[in-house]
Amino acid sequence: IENPEAVYDLLGAELRALNQECVRLLLLDRRANLIHMAEIALGSLDECTTHPRDIFRAAIAWSAASFILVHNHPSGNPTPSQADLVLTRQLRDAAALLRIQFQDHVIIGAPSETPGALPYFSFRESGII
């Protein structure tokens, strides 16, 4: 799993069908192969509380070389919230300290009728990670 499109192909249909936010963690080996997928949190219609310790607990337990955080926005708009930005920055800093590569944080939305608009948001592609 080397790019956000692969993440969307893997989880897009499933997460788009949910009417509440769901946070998933993709744990990867050194070659970006999926070794484990974990559901970290299930929230409400428009929010889901996730703490960095929950993410790193799983990453360490599975001896992951890297990870991708994925969650959905039931509204269909994949634009990150302020809470999404704060969590991503916290994870970026903690991952550097723990030497676990933070590959990406992908928000799954719905396909848009706007030409060229992606149905997901990638923090890596946006330069935030």
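Look a little higher up for the structure.
**With respect to a nonpolar patch on the surface**
Next, step 1: Taken together, the side chains of Leu10, Leu34 and Met37 define a hydrophobic patch exposed on the protein surface, amounting to about 230 Å² of accessible area.
Next, step 2: Assignment of secondary structure puts Met37 in strand E2 (residues 34-42).
Next, step 3: We classify Met37 as partly exposed; its relative accessible area is 34%.

**Some thoughts on the nonpolar core**
Next, step 1: Core analysis: the biggest nonpolar cluster contains 17 residues, and Leu25, Leu27, Phe67, Leu69 and Leu91 have the highest contact counts within it.
Next, step 2: Those elements giving two or more residues to this core turn out to be strand E1 (22-28), helix H2 (52-61), strand E3 (66-72) and helix H3 (82-98).
Next, step 3: With four residues, H2 is the single largest residue contributor to this core.
Next, step 4: Apart from the residues within four sequence positions on either side, Phe67 is in contact with Leu25, Leu26, Leu27, Ile55, Phe56, Ala95, Ile100, Gln101, Phe102, Gln103 and Asp104.
Next, step 5: Of all hydrophobic cores here, the second largest spans 12 residues; its members include Tyr8, Leu15, Val70 and Ile108.

**Observations regarding unusual backbone geometry**
In terms of backbone geometry, most residues other than glycine have negative phi values and most peptide bonds are trans.
Next, step 1: Positive phi, close to 65°, is recorded for Ala32, a residue that is not glycine.
Next, step 2: Note that Ala32 resides in the loop between E1 and E2.
Next, step 3: Under the relative-accessibility criterion, Ala32 is labelled buried at 9%.
Next, step 4: Even without being glycine, Arg99 reaches a positive phi, approximately 60°.
Next, step 5: Its place among the elements puts Arg99 in the loop between H3 and strand E4 (101-108).
Next, step 6: Take Arg99: its relative accessible area is 78%, and that puts it in the exposed class.

**Concerning the packing of aromatic side chains**
Next, step 1: The full count for this structure, using the stated rule, is four aromatic pairs.
Next, step 2: On the basis of an interplanar angle of 40° and a centroid distance of 5.7 Å, the ring pair of Tyr8 and Tyr120 is categorised as tilted. Placement of the pair is Tyr8 in helix H1 (residues 4-16) and Tyr120 in strand E5 (residues 120-122), with a sequence separation of 112 residues. In this pair, the class of Tyr8 matches that of Tyr120, namely buried.
Next, step 3: Where Phe121 meets Phe123, the ring centres are 5.0 Å apart and the plane angle is 85°; that geometry is what we call edge-to-face. Note on accessibility: Phe121 and Phe123 belong to one class, buried.
Next, step 4: Site record: aromatic cluster; members linked through ring pairs are Phe56, Phe67 and Phe102.

**A closer look at H3**
Next, step 1: For H3, spanning 17 residues, the distance from its first C-alpha to its last is 24 Å, which sits close to the expected 24 Å at 1.5 Å a residue.
Next, step 2: Within H3, the full set of buried residues consists of Asp84, Leu85, Leu87, Thr88, Leu91 and Ala95. Viewed along the axis of H3, the buried residues span an arc of 165°, placing them on a single side of the element. Away from the buried face of H3 by more than 90 degrees, exposed residues Gln82, Ala83, Ala96 and Leu97 are located.
Next, step 3: Contacts made by the buried residues of H3 are with H2, E3 and E4.

Rules and cut-offs
Residues numbered from 1 in each chain as written. Predicted model: local features only at pLDDT ≥ 70, side-chain atom pairs only at ≥ 80, totals over all residues. Heavy atoms only, no water. Patch = residues over 30% accessible without salt bridge, like charges linked within 9 Å, V, L, I, M, F, W, Y side chains within 5 Å. Areas by Shrake-Rupley, 256 points an atom, 1.4 Å probe, with all protein chains shown as cover. Salt bridge = Lys/Arg side-chain N within 4 Å of Asp/Glu carboxyl O. Helix = DSSP H or I, 4+ residues; strand = E, 2+ residues; numbered from the N terminus. Buried < 20%, exposed > 50% of the residue type's maximum accessible area, 1.4 Å probe, protein only. Core = buried A, V, L, I, M, F, W, Y, C linked by side-chain atoms within 4.5 Å. Contact = heavy atoms within 4.5 Å. Phe/Tyr/Trp six-rings, centres within 6.5 Å; stacked < 30°, edge-to-face > 60°. Expected span 1.5 Å × (residues − 1). Arc of directions from axis to C-beta.

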